[in-house]
Amino acid sequence: MDTSRGSKEMVLLAGNSHPELAHLIASRLEVPVGRAEVKEMANRETSVEIMESVREKSVYIIQTANAKDVNNNIMELLIMAYACKTSSARNIVGVIPYLPYCKQSKMRKRGCIVSKLLAKMMYKAGLTHVITMDLHQKEIQGFFECPVDNLRASPFLLQYIQECIPDYRNAVIVARDPGSAKKATSYAERLRLGIAVIHGEQKMNEDEQADGRNSPPLVEHSRIMDVGVGVPALAAKEKPPINVVGDVGGRIAIMVDDMIDDVASFVAAAEVLKDRGAYKIYVMATHGLLSSDAPRLIDDSPIDEVVVTNTVPHEIQKMQCHKIKTVDISILLAESIRRIHNNESMSYLFRNVTLED
């Protein structure tokens, strides 16, 4: 019996989170999407049935996170992976363009690091490899007990800037906050453009919120011996008024980030850039979650265009706001699947990519 043939067979499976992206990837690989029934039962439990054999085959499960149904998306992925594991699949690769809960990667007060919990659940369910794109924090890769390939969408967004933004040479790359300065610097260096940084915000950035562990609780009677030196109090943070460091007058302002979820901060930044003389404002990001009233807020804002990739479905938001544009990154995901399946190097996909991306 020729066992090598079965082990080299590829099976593509897809959940319900983003069927359009799954079919784009399948068409580029010239492989049909495998037959699987993934549905919600009357009691709202998730039911999965793989309709074809996956024994000794390499299975690639394409599942992202839909902003409206993220928890069901996770359960679909976990159950599909476990179904393949119990059906004796050789390899189970999770193709997760947007990894849910990636923003919850730090300890907050008495909470927990949810992204680590999710990583352990995925590994226990049977995933042997994960392909994702532009993690909110690159350190999340360390939470997984299996290999993780964190792809970059920046080449596609850079190409969009060069081909679709007239007079982009008169642009300046803007970091929405100091935390985004590294990404903005990377874009600016590749495009040979200047950089500006917005400092100060109307709302506190989540990365700078007090986590409740900076000082001990105040108690009148303590059993700890007092050595005569008090614990110094931690000074409260006070953000300065929002300001732009850099010249944007008479220029095209291009804000870059890894995701656009709540757009209020982007709108506030755009208003400041407009006041400083920017005559066109673009926002570019990999993941366009565009939660809540994002389309309406974008439509009423000075932002001229929002450019995101199709890692997350946002067709409804595009119908509500004509300013939202989409860049297709299915070719990158398809190529990564092909290389992993053929045991080829992935370094080609990371060429000319630095740590700041």
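Because the structure is a prediction, the values reported are computed rather than measured.

Caption draft 1: Structural detail: the packing of helix α3 (residues 70-86) against helix α4 (residues 114-125). In the contact formed by α3 and α4, the axes pass within 8 Å of each other and the chain directions differ by 30°. Our classification of the angle between α3 and α4 gives roughly parallel. Listed contacts from α4 to I74, L77, L78, A81, Y82 and K85 of α3 are L118, M121, M122, K124 and A125.

Caption draft 2: Up close: the sheet that holds strand β10 (residues 243-245). Spatially, the seven strands line up as an open sheet ordered β10-β9-β8-β11-β12-β13-β14, and their pairing is mixed. Every interior strand has two partners, whereas the edge strands, β10 and β14 (324-327), have only one. The sheet shows a mean angle of 30° between the axes of neighbouring strands, direction not considered. Where strand β8 (residues 171-175) lies against strand β11 (residues 252-260), five bridges are found, and the strand directions are parallel.

Caption draft 3: Representation of the packing of helix α2 (residues 19-29) against helix α10 (residues 330-341) in the model. As a packed pair, α2 and α10 sit with axes 9 Å apart at the nearest point and diverge in direction by 55°. On the basis of their axis angle, the class for α2 and α10 is oblique. The two elements α2 and α10 cross, and the hand of that crossing is right-handed. Contact residues: α2 offers L21, L24, I25, R28 and L29, while α10 offers S330, I331, L333, A334, I337 and R338. Split into classes, the residues belonging to the contact of α2 with α10 amount to eight nonpolar, one polar and two charged.

Caption draft 4: Layout of the pairing of strand β12 (residues 280-288). Among the nine residues of β12, eight are classified as buried, and the element is accordingly described as predominantly covered. In this sheet, β12 lies alongside β11 in parallel orientation, the contact comprising eight bridges. Following the sheet pairing, V256 is matched in β12 by M284. For the crossover that starts at β11, traverses helix α7 (residues 264-275) and ends in the parallel β12, the hand is right-handed. Where β12 and strand β13 (residues 305-309) come together, three bridges link them in parallel fashion. Across the sheet, the residue bridging to V283 is V306, located in β13.

The rules behind these values
Residues numbered from 1 in each chain as written. Predicted model: local features only at pLDDT ≥ 70, side-chain atom pairs only at ≥ 80, totals over all residues. Heavy atoms only, no water. Axes fitted to C-alpha atoms, helices over the stretch in contact; angles between N-to-C directions. Helix = DSSP H or I, 4+ residues; strand = E, 2+ residues; numbered from the N terminus. Parallel < 35°, antiparallel > 145°, perpendicular 65-115°, else oblique. Contact = heavy atoms within 4.5 Å. Pairing = 2+ DSSP bridges. Left-handed = near helix turned anticlockwise from the far one by under 90°. Nonpolar A, V, L, I, M, F, W, Y, C, P; charged D, E, K, R; others polar. Buried < 20%, exposed > 50% of the residue type's maximum accessible area, 1.4 Å probe, protein only. Right-handed = clockwise from strand over helix to strand, strands pointing away.

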